[in-house]
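Residue-level listing of the chains:
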Amino acid sequence: STPRRPQTTVPQQALFFMNSPFLVERAKSLAGHPLVTASDEPVARISALYRLVLARSPLENEVATAREFVAASEAGMAGNKLNPWQQFAQLLLLTNEFVYVD
């Protein structure tokens, strides 16, 4: 017998989840949530997304990384289906902290 199931992840699982229409729609909906769109200030939007998705406030380094991500996404937006805030929401939905319960 095995008391715990071994943790396994294959690339196809992650790619399917990342590209699924359901997740893309959830990311769009999340980025358009009133708590997120209530402010144009990036730190406030990042904090709102963290609270909605991960039920916690972001750490300082997470805020800095998120700001860099959004800025880079804005610079390379051509041809992307999602705007930078939708991309960031999708990124949070794909984190291990969201997907797996410890």
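The present account deals with the structure reproduced in this document. (Residues numbered from 1 in each chain as written. Predicted model: local features only at pLDDT ≥ 70, side-chain atom pairs only at ≥ 80, totals over all residues. Heavy atoms only, no water.)

## Quick look at helix H6 (residues 84-93)
Counted residue by residue, H6 has nine buried out of 10 residues, so it is predominantly covered. Listed as buried for H6 are Pro84, Trp85, Gln86, Gln87, Phe88, Ala89, Gln90, Leu92 and Leu93. The N-terminus of H6 is capped by Asn83, whose side-chain oxygen sits 2.9 Å from the backbone nitrogen of Trp85. (Buried < 20%, exposed > 50% of the residue type's maximum accessible area, 1.4 Å probe, protein only. Helix = DSSP H or I, 4+ residues; strand = E, 2+ residues; numbered from the N terminus. Polar contact = N/O pair within 3.5 Å; in protein donor to acceptor, adjacent residues only side chain to side chain.)

## Comments concerning the environment of Lys28
Within the secondary structure, Lys28 is located in helix H2 (residues 21-31). Taking relative accessible area as the criterion, Lys28 reaches 31% and is therefore assigned partly exposed. Sequence separation between Lys28 and Asn83 is 55 residues; the distance between their C-alpha atoms is 8.6 Å. Apart from the residues lying within four places of it in its own chain, the contact partners of Lys28 are Lys81, Leu82 and Gln86. (Contact = heavy atoms within 4.5 Å.)

## Digging into unusual backbone geometry
Of all residues except glycine, most have a negative phi; of all peptide bonds, most are trans. Phi at Ala55 takes a positive value of approximately 60°, unusual for a residue other than glycine. Looking at where Ala55 falls in the secondary structure, it is placed in the loop between helix H4 (42-54) and helix H5 (60-75).

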